[in-house]
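Residue-level structure breakdown
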Amino acid sequence: MLILGIAGGTGCGKTTVVNQIVEQLPENEVGVISQDSYYNDLSHLSREDRAKINFDHPNSIDFDLMISHMEELRRGETIQTPIYSFVEETRMEETVPTEPKKVMIVEGILVLTNPKLRDMFDIKIFVHADSDERLIRRLQRDIRERGHDLEKVLTRYQTAVKPMHEQFIEPSKEFADIIIPNNHYNTVAVDIVRTIINNKL
Ligand SMILES: Nc1ncnc2c1ncn2[C@@H]1O[C@H](COP(=O)(O)OP(=O)(O)O)[C@@H](O)[C@H]1O
Ligand SMILES: Nc1ccn([C@@H]2O[C@H](COP(=O)(O)O)[C@@H](O)[C@H]2O)c(=O)n1
């Protein structure tokens, strides 16, 4: 199994890049694991208390479960991936079965910050976009898709997203083998990563 880890700040375009990489590859050969699925289960907290959590700190992620799932996939076992709701801000009761594939892509803001998870990656990629670009994209996406309003996005950006980006995410860039500039759609970089995967397949 070839495992790619793809990190980068919120709104840099990780999900978009992964979708572009995957869309021209055989479906049964490539799988994707998103760090977002592994936010801690907060169902024991009220909605109000869940909203106070710092979702950009590494402690908000259940890395133990994520790592043990990656180990199971490497052993050829199917895992039950948690489903996370950004609207409810907690893990759902349902899970989705995820089968091991020849190539697994693991994406998320913090995936290069955890040494044990990082060591499982054969290729480490960091997607870069400038912070103003990322904030604009995040505003549009969170209001459109994640049920947030302008004030919530901006408050969260100032209190958690920006400081955690500077403390944890940006420094994790140093572990990357490849940095993809993504202020504009970068089809050349996507093609290069796809070629690497195709060679493996
Ligand atoms: N290169 C790009 N140029 C303009 N918009 C982009 C680009 N890449 C992604 N987007 C848009 O920005 C938003 C956030 O992208 P997404 O892939 O969800 O980022 P991430 O997964 O890193 O948070 C989405 O609405 C997406 O369509
Ligand atoms: N309940 C939550 C959980 C997380 N977030 C934000 O998601 C961002 C990471 O996801 P990307 O797709 O943008 O990489 C992270 O910055 C969290 O602040 C949230 O808003 N609500």
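For every chain, the first residue of its written sequence is number 1, and the numbers climb from 1 along that sequence. To read the labels, note that chains go from A and ligands from 1, taken in the order they are written. Reporting of local features is limited, given that this is a predicted model, to residues whose pLDDT is at least 70; pairs of side-chain atoms are given and counted only at 80 or more, and all residues count toward the totals for whole chains, interfaces and linings.

So the rule is basically this: UniProt positions are given in the numbering used here, feature names are shortened, and annotations may be inferred rather than shown by experiment.
You'll find the protein chain entered in an unreviewed UniProt entry as Uridine kinase, with Flagellimonas zhangzhouensis given as the organism. Recorded in UniProt for the protein chain, the comment headed Sequence similarities (unreviewed entry) runs: "Belongs to the uridine kinase family." Comment text from UniProt for the protein chain, heading Subcellular location (unreviewed entry), reads "Cytoplasm".

1. Points about the site of ligand 2
The condition that has to hold: The rule is simple: place the C-beta atom from the backbone, and if it lies within 6 Å of a molecule or strand, the residue is near it. Classification convention: Asp, Glu, Lys, Arg as charged; Ala, Val, Leu, Ile, Met, Phe, Trp, Tyr, Cys, Pro as nonpolar; all other residues, Gly among them, as polar.
Thr10, Gly11, Lys14, Asp36, Tyr39, Phe55, Asp56, Phe86, Glu89, Ile109, Arg156 and Val161 make up every residue found near ligand 2. Split by residue class, the shell around ligand 2 holds five nonpolar, two polar and five charged.

2. Side note on unusual backbone geometry
Convention followed: Secondary structure elements follow DSSP: runs of H or I no shorter than four residues count as helices, runs of E no shorter than two count as strands, and numbering proceeds from the N terminus. Counting other C-beta atoms within 10 Å of each residue's C-beta, where C-beta atoms are placed from the backbone, gives the exposure class: buried for 20 or more, exposed for 12 or fewer, partly exposed between.
Even without a glycine there, the phi angle at Glu89 is positive, about 60 degrees. Within the secondary structure layout, Glu89 lies in the loop between β3 (79–85) and β4 (90–98). The exposure class of Glu89 is partly exposed, given the 19 C-beta atoms found within 10 Å.

3. Some remarks on the pairing of β3
In summary, the side chains of a regular strand alternate between the two faces of the sheet. Spelled out, the test is: A pair of strands is labelled paired if DSSP reports no fewer than 2 bridges between them.
With six bridges joining them, β3 and β4 adopt antiparallel strand pairing. Counterpart to Ser85 in the pairing with β4 is Thr90.

4. Considering the environment of His128
Stated formally: Residues are scored as being in contact if the C-beta atoms we place from backbone atoms lie within 7 Å.
Within the fold, His128 resides in strand β6 (residues 123–128). Given 19 C-beta atoms within 10 Å, His128 falls into the partly exposed group. Along the backbone, His128 and Lys14 are 114 residues apart, and their C-alpha atoms lie at a distance of 9.1 Å. The residues touching His128, leaving out its near neighbours within four places in the chain, are Gly8, Cys12, Ile179, Ile180, Pro181 and Asn182.

5. Describing the pairing of β6
Both strand β1 (residues 2–7) and β6 contribute to a ladder of four bridges, which runs parallel. Its bridge partner being in β6, Gly5 is matched across the sheet by Lys124. Two elements, β6 and strand β7 (residues 178–181), share four bridges in a ladder whose sense is parallel. Residue Val127 lies in a different strand from β7, and its bridge partner there is Ile180.

6. Here we look at the UniProt feature "domain: Phosphoribulokinase/uridine kinase" (unreviewed entry) in the protein chain
Those residues carrying the UniProt feature "domain: Phosphoribulokinase/uridine kinase" (unreviewed entry) are residues 3–188 in this numbering. End C-alpha to end C-alpha, residues 3–188 measures 21 Å, and it is 36% helix and 22% strand.

7. Some remarks on the sheet that holds strand β5 (residues 103–107)
Selection criterion: Between N-to-C directions, angles span 0 to 180 degrees; the directions come from axes that are lines fitted to C-alpha atoms, helices contributing only their stretch in contact.
If you trace the five strands from one edge of the open sheet to the other, you get β2-β5-β1-β6-β7, paired in parallel fashion. Pairing within the sheet leaves two strands with one partner each, and these edge strands are β2 (30–34) and β7. Strand-to-strand twist across the sheet, computed as the mean angle between neighbouring axes with direction ignored, equals 20 degrees.

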